[in-house]
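Structure at a glance
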Amino acid sequence: MGRHGARLRWVVALVSVTIAVLATVDRYVDREREWAHGGDQVAVTVEAVLPEPDQVADSVVAFGWPEPVDSVIGDPDRQSVVLRLRWSGPTRKGHYQVILLDSRMEPARVVQPYSGWDAAGGTGFNWAGAYDVLADRYPWLADTATREEPDGTFGTPGNVGAVGTRATADGSLIAVFRLVPGAVPLTDPSRLAVAFCYVAPDGDVRWAKRVPVLPAD
(Lines give C-alpha, C1' and ligand atoms only; values in the text may rest on other atoms or scores of the structure.)
Protein backbone atom coordinates (compact mmCIF):
# COMPACT_ATOMS: atom_id res chain seq x y z
CA MET A 1 0.00 0.00 0.00
CA GLY A 2 2.83 2.35 0.83
CA ARG A 3 4.59 1.65 -2.44
CA HIS A 4 1.33 2.11 -4.36
CA GLY A 5 0.67 5.40 -2.57
CA ALA A 6 4.16 6.67 -3.36
CA ARG A 7 3.73 5.74 -7.02
CA LEU A 8 0.39 7.52 -7.12
CA ARG A 9 1.86 10.66 -5.58
CA TRP A 10 4.68 10.55 -8.13
CA VAL A 11 2.16 10.28 -10.99
CA VAL A 12 0.09 13.16 -9.61
CA ALA A 13 3.22 15.32 -9.25
CA LEU A 14 4.30 14.49 -12.80
CA VAL A 15 0.90 15.38 -14.19
CA SER A 16 0.89 18.66 -12.25
CA VAL A 17 4.33 19.59 -13.56
CA THR A 18 3.29 18.70 -17.12
CA ILE A 19 0.18 20.85 -16.87
CA ALA A 20 2.20 23.77 -15.50
CA VAL A 21 4.78 23.44 -18.31
CA LEU A 22 2.08 23.30 -20.98
CA ALA A 23 0.35 26.34 -19.49
CA THR A 24 3.67 28.24 -19.51
CA VAL A 25 4.27 27.28 -23.14
CA ASP A 26 0.75 28.38 -24.07
CA ARG A 27 1.26 31.74 -22.37
CA TYR A 28 4.58 32.19 -24.17
CA VAL A 29 3.03 31.37 -27.55
CA ASP A 30 0.10 33.71 -26.89
CA ARG A 31 2.45 36.49 -25.84
CA GLU A 32 4.62 36.07 -28.92
CA ARG A 33 1.53 36.18 -31.10
CA GLU A 34 0.41 39.36 -29.33
CA TRP A 35 3.78 41.04 -29.92
CA ALA A 36 3.52 40.23 -33.62
CA HIS A 37 -0.18 40.73 -34.30
CA GLY A 38 -1.71 42.50 -31.30
CA GLY A 39 -2.30 45.68 -33.28
CA ASP A 40 -4.09 43.98 -36.15
CA GLN A 41 -7.48 44.59 -34.54
CA VAL A 42 -6.98 48.37 -34.45
CA ALA A 43 -7.31 50.44 -37.63
CA VAL A 44 -5.16 53.57 -37.41
CA THR A 45 -4.72 56.49 -39.80
CA VAL A 46 -2.24 59.34 -39.39
CA GLU A 47 -2.17 62.70 -41.18
CA ALA A 48 0.56 65.32 -40.83
CA VAL A 49 1.35 68.91 -41.67
CA LEU A 50 4.70 70.68 -41.46
CA PRO A 51 3.84 74.23 -40.42
CA GLU A 52 6.13 77.21 -40.17
CA PRO A 53 6.88 78.23 -36.55
CA ASP A 54 4.25 80.96 -36.56
CA GLN A 55 1.62 78.61 -37.99
CA VAL A 56 1.79 75.77 -35.47
CA ALA A 57 -1.14 77.01 -33.39
CA ASP A 58 -3.27 77.51 -36.49
CA SER A 59 -2.43 73.99 -37.64
CA VAL A 60 -3.55 72.30 -34.44
CA VAL A 61 -6.77 74.33 -34.46
CA ALA A 62 -7.41 73.24 -38.06
CA PHE A 63 -7.05 69.63 -36.88
CA GLY A 64 -9.60 70.19 -34.12
CA TRP A 65 -7.64 71.43 -31.08
CA PRO A 66 -10.01 73.80 -29.25
CA GLU A 67 -9.03 77.41 -28.84
CA PRO A 68 -7.30 79.04 -27.09
CA VAL A 69 -4.05 77.18 -27.72
CA ASP A 70 -1.71 79.36 -25.68
CA SER A 71 0.43 76.33 -24.72
CA VAL A 72 1.23 75.39 -28.33
CA ILE A 73 3.85 77.55 -29.97
CA GLY A 74 6.41 77.09 -32.70
CA ASP A 75 10.18 77.12 -32.28
CA PRO A 76 12.18 79.01 -34.92
CA ASP A 77 15.16 76.70 -34.32
CA ARG A 78 13.25 73.41 -34.55
CA GLN A 79 10.87 72.21 -37.22
CA SER A 80 7.46 71.19 -35.91
CA VAL A 81 5.34 68.27 -37.06
CA VAL A 82 1.61 68.27 -36.31
CA LEU A 83 -0.20 64.92 -36.42
CA ARG A 84 -3.83 63.91 -36.33
CA LEU A 85 -4.49 60.26 -35.53
CA ARG A 86 -7.78 58.42 -35.76
CA TRP A 87 -8.34 54.82 -34.73
CA SER A 88 -11.07 52.25 -34.24
CA GLY A 89 -10.95 48.86 -32.59
CA PRO A 90 -12.01 46.91 -29.50
CA THR A 91 -12.50 48.64 -26.16
CA ARG A 92 -9.45 48.28 -23.93
CA LYS A 93 -8.34 49.45 -20.53
CA GLY A 94 -4.99 51.18 -20.47
CA HIS A 95 -3.40 53.63 -22.88
CA TYR A 96 -2.04 54.05 -26.35
CA GLN A 97 1.35 55.69 -26.75
CA VAL A 98 2.32 57.44 -29.98
CA ILE A 99 5.97 57.62 -31.04
CA LEU A 100 6.92 59.59 -34.15
CA LEU A 101 9.81 58.30 -36.27
CA ASP A 102 11.90 60.05 -38.90
CA SER A 103 12.49 57.28 -41.44
CA ARG A 104 15.04 59.26 -43.44
CA MET A 105 17.64 57.65 -41.19
CA GLU A 106 18.40 54.01 -40.49
CA PRO A 107 17.38 53.04 -37.93
CA ALA A 108 14.56 55.55 -37.85
CA ARG A 109 15.14 58.38 -35.38
CA VAL A 110 12.58 59.24 -32.72
CA VAL A 111 11.18 62.76 -33.10
CA GLN A 112 10.83 64.50 -29.73
CA PRO A 113 7.21 64.98 -28.53
CA TYR A 114 6.03 68.40 -27.50
CA SER A 115 2.30 68.30 -26.72
CA GLY A 116 -0.96 66.46 -27.36
CA TRP A 117 -4.72 66.79 -27.10
CA ASP A 118 -7.54 64.24 -27.20
CA ALA A 119 -11.23 64.24 -26.30
CA ALA A 120 -10.38 64.43 -22.58
CA GLY A 121 -8.08 67.45 -23.00
CA GLY A 122 -4.33 67.96 -22.95
CA THR A 123 -2.29 64.75 -22.78
CA GLY A 124 1.32 65.85 -22.58
CA PHE A 125 4.11 63.36 -23.21
CA ASN A 126 6.06 60.78 -21.25
CA TRP A 127 8.45 57.84 -21.23
CA ALA A 128 8.76 54.93 -18.81
CA GLY A 129 11.37 52.28 -18.21
CA ALA A 130 8.84 49.60 -19.19
CA TYR A 131 8.92 50.96 -22.74
CA ASP A 132 12.55 49.88 -23.16
CA VAL A 133 11.23 46.50 -24.30
CA LEU A 134 10.13 48.10 -27.57
CA ALA A 135 13.70 48.28 -28.87
CA ASP A 136 14.17 44.59 -28.03
CA ARG A 137 10.98 43.48 -29.75
CA TYR A 138 10.97 45.70 -32.86
CA PRO A 139 14.16 46.49 -34.82
CA TRP A 140 12.46 49.56 -36.34
CA LEU A 141 12.24 51.03 -32.80
CA ALA A 142 15.96 50.63 -32.11
CA ASP A 143 16.34 54.36 -31.41
CA THR A 144 14.21 54.01 -28.25
CA ALA A 145 16.89 51.89 -26.57
CA THR A 146 18.81 53.18 -23.58
CA ARG A 147 22.37 54.41 -24.19
CA GLU A 148 25.50 54.17 -22.11
CA GLU A 149 26.58 57.56 -20.82
CA PRO A 150 30.24 58.66 -20.51
CA ASP A 151 30.09 57.97 -16.78
CA GLY A 152 29.07 54.35 -17.38
CA THR A 153 25.42 54.78 -16.49
CA PHE A 154 22.57 54.10 -18.90
CA GLY A 155 19.84 56.53 -19.87
CA THR A 156 17.23 57.37 -22.46
CA PRO A 157 18.22 59.92 -25.15
CA GLY A 158 16.59 63.32 -24.79
CA ASN A 159 14.67 62.98 -28.04
CA VAL A 160 12.88 59.79 -26.97
CA GLY A 161 9.31 60.15 -25.76
CA ALA A 162 5.69 59.43 -26.60
CA VAL A 163 2.35 61.23 -26.53
CA GLY A 164 -0.21 59.23 -24.58
CA THR A 165 -3.96 58.87 -24.93
CA ARG A 166 -6.67 56.61 -23.53
CA ALA A 167 -7.24 53.29 -25.28
CA THR A 168 -10.79 54.08 -26.33
CA ALA A 169 -12.55 51.96 -28.96
CA ASP A 170 -12.88 54.89 -31.35
CA GLY A 171 -10.68 57.88 -30.77
CA SER A 172 -8.54 60.65 -32.12
CA LEU A 173 -5.43 62.49 -31.01
CA ILE A 174 -3.68 65.65 -32.13
CA ALA A 175 0.01 65.65 -31.33
CA VAL A 176 2.91 68.04 -31.89
CA PHE A 177 6.52 66.93 -32.26
CA ARG A 178 9.77 68.81 -32.92
CA LEU A 179 12.85 67.74 -34.83
CA VAL A 180 16.20 68.19 -33.13
CA PRO A 181 17.98 71.51 -33.69
CA GLY A 182 19.98 71.49 -36.90
CA ALA A 183 18.09 68.57 -38.44
CA VAL A 184 17.76 68.53 -42.21
CA PRO A 185 14.37 70.15 -42.93
CA LEU A 186 11.59 67.68 -43.62
CA THR A 187 9.51 68.43 -46.72
CA ASP A 188 7.57 65.18 -47.20
CA PRO A 189 5.41 63.86 -44.31
CA SER A 190 5.41 60.41 -45.91
CA ARG A 191 9.05 60.06 -44.77
CA LEU A 192 7.66 59.81 -41.26
CA ALA A 193 6.11 56.81 -39.50
CA VAL A 194 4.24 56.34 -36.24
CA ALA A 195 4.65 53.59 -33.67
CA PHE A 196 1.18 53.08 -32.21
CA CYS A 197 1.71 51.18 -28.95
CA TYR A 198 -0.70 49.64 -26.46
CA VAL A 199 0.17 49.81 -22.75
CA ALA A 200 -1.92 47.72 -20.36
CA PRO A 201 -3.23 49.11 -17.04
CA ASP A 202 -0.32 47.48 -15.20
CA GLY A 203 2.13 49.54 -17.28
CA ASP A 204 3.39 46.67 -19.43
CA VAL A 205 3.71 47.28 -23.16
CA ARG A 206 1.68 44.68 -25.03
CA TRP A 207 2.38 45.49 -28.67
CA ALA A 208 3.28 48.17 -31.21
CA LYS A 209 2.31 48.60 -34.83
CA ARG A 210 4.00 50.74 -37.46
CA VAL A 211 1.63 53.17 -39.19
CA PRO A 212 2.50 55.24 -42.28
CA VAL A 213 2.02 58.99 -42.17
CA LEU A 214 0.05 60.70 -44.94
CA PRO A 215 0.11 64.40 -45.89
CA ALA A 216 -3.07 66.10 -44.67
CA ASP A 217 -5.53 67.19 -47.34
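Please refer to the structure placed before this passage.
Residues numbered from 1 in each chain as written. Predicted model: local features only at pLDDT ≥ 70, side-chain atom pairs only at ≥ 80, totals over all residues. Heavy atoms only, no water.

1. What about the nonpolar core?
Leu83, Leu85, Leu134, Val194 and Phe196 are the most contacted members of the largest nonpolar core, which has 43 residues in total. For this core, the elements supplying multiple residues, two or more each, are strand 1 (43-49), strand 2 (80-88), strand 3 (95-102), strand 4 (109-118), strand 9 (162-166), strand 10 (170-178), strand 11 (192-199) and strand 12 (205-212). Among the elements that line this core, the one with the most residues is strand 11, at seven residues. Phe196 has contacts with Val42, Val44, Leu85, Trp87, Tyr96, Gln97, Val98, Trp207, Ala208, Lys209 and Val211, leaving out every residue within four places of it along the chain. Val60, Val72, Ile174 and Val176 belong to the second-largest nonpolar core, a separate cluster that totals ten residues. (Core = buried A, V, L, I, M, F, W, Y, C linked by side-chain atoms within 4.5 Å. Buried < 20%, exposed > 50% of the residue type's maximum accessible area, 1.4 Å probe, protein only. Helix = DSSP H or I, 4+ residues; strand = E, 2+ residues; numbered from the N terminus. Contact = heavy atoms within 4.5 Å.)

2. Focus on the side chain of Asp118
Structurally, Asp118 can be placed in strand 4. Of the side chains with opposite charge, Arg166 lies nearest to the buried Asp118, which makes no salt bridge, at 4.3 Å. Ignoring any residue separated from it by four or fewer positions in sequence, one finds Asp118 in contact with Thr123, Thr165, Arg166, Ser172 and Leu173. (Lys, Arg positive; Asp, Glu negative; His and termini not counted. Salt bridge = Lys/Arg side-chain N within 4 Å of Asp/Glu carboxyl O.)

3. With respect to helix 2 (residues 56-63)
Spacing of three or four residues puts side chains on the same side of an α-helix, whose turn is 3.6 residues. What helix 2 keeps buried is the set Val56, Ser59, Val60 and Phe63. Down the axis of helix 2, the smallest arc covering the buried residues is 95°, so these residues share one side. Opposite the buried face of helix 2, by more than 90 degrees, sit the exposed residues Asp58 and Ala62. Looking at the buried positions of helix 2, the neighbouring elements they touch are strand 1, strand 2 and strand 10. (Arc of directions from axis to C-beta.)

4. Thoughts on the pattern of salt bridges
This model, assessed by the stated rule, comprises eight salt bridges. Among the salt bridges present, the one from Arg104 reaches Asp102, with a minimum N-O distance of 2.8 Å. The closest approach of N and O atoms between Asp143 and Arg147, which form a salt bridge, is 2.5 Å. Through salt bridges with shared partners, a single network forms among Arg31, Glu34 and Arg206.

5. Thoughts on a negative patch on the surface
A grouping of Glu52, Asp54, Asp58 and Glu67 is seen on the molecular surface, where their side chains present a negatively charged patch. With respect to the helices, strands and loops of the structure, Asp58 is situated in helix 2. (Patch = residues over 30% accessible without salt bridge, like charges linked within 9 Å, V, L, I, M, F, W, Y side chains within 5 Å. Areas by Shrake-Rupley, 256 points an atom, 1.4 Å probe, with all protein chains shown as cover. Charge placed at Lys NZ, Arg CZ, Asp CG, Glu CD.)

6. Some remarks on the side chain of Asp75
Mapping Asp75 onto the fold places it in the loop between helix 2 and strand 2. The side chain of Asp75 sits in the buried core without any salt bridge; Arg178 is the nearest counter-charge, 4.2 Å away. Separated by 2.9 Å, the side chain of Asp75 and the backbone nitrogen of Asp77 make a polar contact. Residues within four places of Asp75 in sequence aside, it is in contact with Pro53 and Arg178. (Polar contact = N/O pair within 3.5 Å; in protein donor to acceptor, adjacent residues only side chain to side chain.)

7. Remarks on the packing of aromatic side chains
Counted by the stated rule, this structure contains nine aromatic pairs. Geometrically, the ring pair formed by Trp127 and Tyr131 is edge-to-face, given 5.1 Å between the ring centres and 85° between the ring planes. Note on Tyr131: relative accessible area 7%, which makes it buried. Relative to Trp207, the ring of Tyr198 lies with its centre 5.9 Å away and its plane at 35°, an arrangement referred to as tilted. An aromatic cluster of three or more residues is present, and its members are Trp87, Tyr96, Phe196, Tyr198 and Trp207. Directly above the ring of Tyr198 sits Arg92, whose terminal nitrogen or CZ lies 5.3 Å from the centroid. (Phe/Tyr/Trp six-rings, centres within 6.5 Å; stacked < 30°, edge-to-face > 60°. Lys NZ or Arg CZ within 6 Å of the ring centre and 35° of its normal.)

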